[in-house]
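Here is how the chains run, residue by residue.
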Amino acid sequence: MKVVKFGGSSLADGKQVQKIIKIIQADSERKVIVTSAPGKRFPDDRKVTDLLIVYAKKTLKNENTAVIQTEIWARYQAIADYFDLETEELAALKQILLQLPKNKYPNDDYLMAAFKAHGEILNAQLLTLILRKLRISAHFADSAKLGITVSANPQDAQVLEETYEHLANFQLPRGYIVVPGFYGLTKSQQIATFSRGGSDITGAILARGLHADGYENFTDVDAIYAADPAIVKQPRAIKRMTYRELRELSYAGFSVFHDEAILPAIAANIPIEVKNTNHPLARGTVIVPAKNFKPDTIVTGVAADSHFSALYIHRYLLNKEVGFTLKLLQIFYKYHISYEHMPSGIDDLTVIFDQRQFTAELRQKMCRDIQEQLQPDHLEWIDDYAIIMVVGEGMRSKVGVMEQVIESLAKKKIGVYMINQGASRISMMLGTRRVDAPEAVRQIYHNFFENEVRIND
Ligand code: ASP
């Protein structure tokens, strides 16, 4: 049995829904269908999830919601019209949407989560109605029915282990089951969503919990590419990669697949296939465990992301001082800040953060505390920070990869602020200025792929 997840663009309108119905019918193993909310139909379009966020904000501000309700419902109605669906059940779905502001929520965050999750809830119900209209046996199964239980973080929930016990007890009915992605229920039965793009996570949870043989993730690209096509022209498609390669690349902005969705797949050793709804026969990318994996290139992919900032702290004899880092970490803890990396030298320390955690005020307060409590000789906040990840299982067995990377950057006079290579030796992380990041990706890509450096060269 396979779990099949369809992304927003695969469910954006009736024509796309028609394609996914063909896809599920093309392989009798495809039984569990996970839906996203309808996504963009054209580049400037708005995703239904984004419209629901507007709806929630208007509700919170007590503003008139009639226009946005109409706009959201029109997306579902258009899909229903494509299949000539006209039932009482459809009217009931509309009511669920209109009813959202009248429901009770513990706080504004939970209200926002519940509104957002309805993008997928309504879409899964609509798809079930369409399948039934086409005389295809289908059952809607939501988080309540399946027991998808999550932590009490309304918009950034984590799945709880007990979910897998619940899923083990779930009897798969005959026919398809259609599951809304993106959310679960907290122990107190409140809707909490995963972070954005989180329907991928639902698919992976179901694949693990229902002991699927495979997890197919249908999106709108033919494969995962070795570099972002917006930066590198026609990059190489990756045919096979390991979970940890994907995880490392996702970290630096590879956004084809949600990085948190890899964990349940790893736990159950389930291969993930990323495929294109618009070209379902294209080979796609298969993501597999590292055991027995034979890379055919040194580098699998290179990615960059700019949402980082760095804090540079200099203090003489820092290496001899006991408890310096502990005090620093306590300050981060006090402000509820997590850090990404902390490369250090004998007299200095750089801490790299995900910049999205900070407001200007929070940053100032935190830096003031550090200045007062740790009294560094020099403290500097660097906003202009990008991280480049060079990733490949093939890097482990090859000498001189770092040299090649640095050389390709030096050719373009791109300065490197930081280099970090983990013990796994399958990735290298470089810090550069933001403006340099795209060129750095191009240079590294060209160095490793243009001349197709094969593993046994
Ligand atoms: N609809 C949600 C989002 O736009 C979740 C998803 O599509 O995976 O983030």
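The structure presented is a predicted model; accordingly, all values stated were derived computationally and were not measured. (Residues numbered from 1 in each chain as written. Predicted model: local features only at pLDDT ≥ 70, side-chain atom pairs only at ≥ 80, totals over all residues. Heavy atoms only, no water.)

A few words now on the layout of surface pockets. Over the atoms rolls a probe the size of a water molecule, and in doing so it shows where empty space is left. A volume near 210 Å³ is recorded for the second largest pocket. Around the second largest pocket, the lining comprises 13 residues; the ones closest to its centre are Arg 236, Ile 238, Lys 239, Arg 240 and Asp 296. Per-class residue counts for the lining of the second largest pocket are four nonpolar, two polar and seven charged. (1 Å grid on protein atoms, 1.4 Å probe; cavity = no way out; pocket = protein on both sides within 12 Å on 5 of 7 lines; lining within 4 Å. Points joined across faces, edges and corners; volume = space filled by probe spheres on them. Nonpolar A, V, L, I, M, F, W, Y, C, P; charged D, E, K, R; others polar.)

Read from one edge to the other, the open sheet built from eight strands follows the order β3-β4-β2-β1-β7-β11-β12-β10, with strand pairing classed as mixed. Only two strands of the sheet have a single partner each, and these edge strands are β3 (138-140) and β10 (240-242). Neighbouring strand axes in the sheet, compared pairwise and without regard to direction, differ in orientation by 25° on average. By the bridge criterion, three bridges tie β3 to strand β4 (residues 176-180) in an arrangement that is parallel. Paired with Phe 140 across the two strands is Val 178, which belongs to β4. On top of the sheet, helix α5 (residues 108-133) reaches β2 (30-35), β3 and β4; it is set at about 160° to β3, its chief contact. (Pairing = 2+ DSSP bridges. Helix = DSSP H or I, 4+ residues; strand = E, 2+ residues; numbered from the N terminus. Axes fitted to C-alpha atoms, helices over the stretch in contact; angles between N-to-C directions. Contact = heavy atoms within 4.5 Å.)

Relative orientation of the contacting elements helix α3 (residues 66-82) and helix α4 (residues 88-99) amounts to 155°, with a least axis distance of 11 Å. Judged by the inter-axis angle, α3 sits roughly antiparallel to α4. The hand of the α3/α4 crossing is right-handed. Residues Gln 69, Ile 72, Trp 73, Gln 77 and Ala 80 of α3 pack against Leu 90, Leu 93, Lys 94, Leu 97 and Leu 98 of α4. Tallied by class, the residues present in the contact of α3 with α4 amount to seven nonpolar, two polar and one charged. (Parallel < 35°, antiparallel > 145°, perpendicular 65-115°, else oblique. Left-handed = near helix turned anticlockwise from the far one by under 90°.)

Let us now look at the nonpolar core. In this structure, Val 3, Leu 146, Leu 206, Val 390 and Ile 444 are the most contacted members of the largest nonpolar core, which totals 73 residues. Element by element, the count of residues in this core is highest for strand β16 (residues 378-391), at eight residues. Apart from residues no more than four positions distant in its own chain, Ile 444 is found in contact with Val 302, Ile 388, Val 390, Val 405, Ser 408, Leu 409 and Leu 430. Grouped together as the second largest cluster of nonpolar side chains are 51 residues, Leu 11, Ile 20, Ile 72 and Leu 127 included. (Core = buried A, V, L, I, M, F, W, Y, C linked by side-chain atoms within 4.5 Å. Buried < 20%, exposed > 50% of the residue type's maximum accessible area, 1.4 Å probe, protein only.)

The next point concerns the side chain of Thr 149. Take Thr 149: it is sitting in the loop between α6 (143-146) and α7 (162-168). For Thr 149, the side chain forms a polar contact with the main-chain oxygen of Gly 147, separated by 3.1 Å. Discounting residues that sit within four places of it in the chain, Thr 149 has contacts with Gln 158, Val 159, Leu 160, Glu 162, Thr 163, His 166, Leu 185 and Lys 187. (Polar contact = N/O pair within 3.5 Å; in protein donor to acceptor, adjacent residues only side chain to side chain.)

Two faces belong to every sheet, and in a regular strand the side chains alternate between them. The element β4 is largely enclosed, with a buried count of five among its five residues. With burial as the criterion, each face of β4 is covered, one bearing Tyr 176, Val 178 and Pro 180 and the other bearing Ile 177 and Val 179. Where β2 and β4 come together, four bridges link them in parallel fashion. Each residue of the ladder has a partner; that of Val 34, found in β4, is Val 179.

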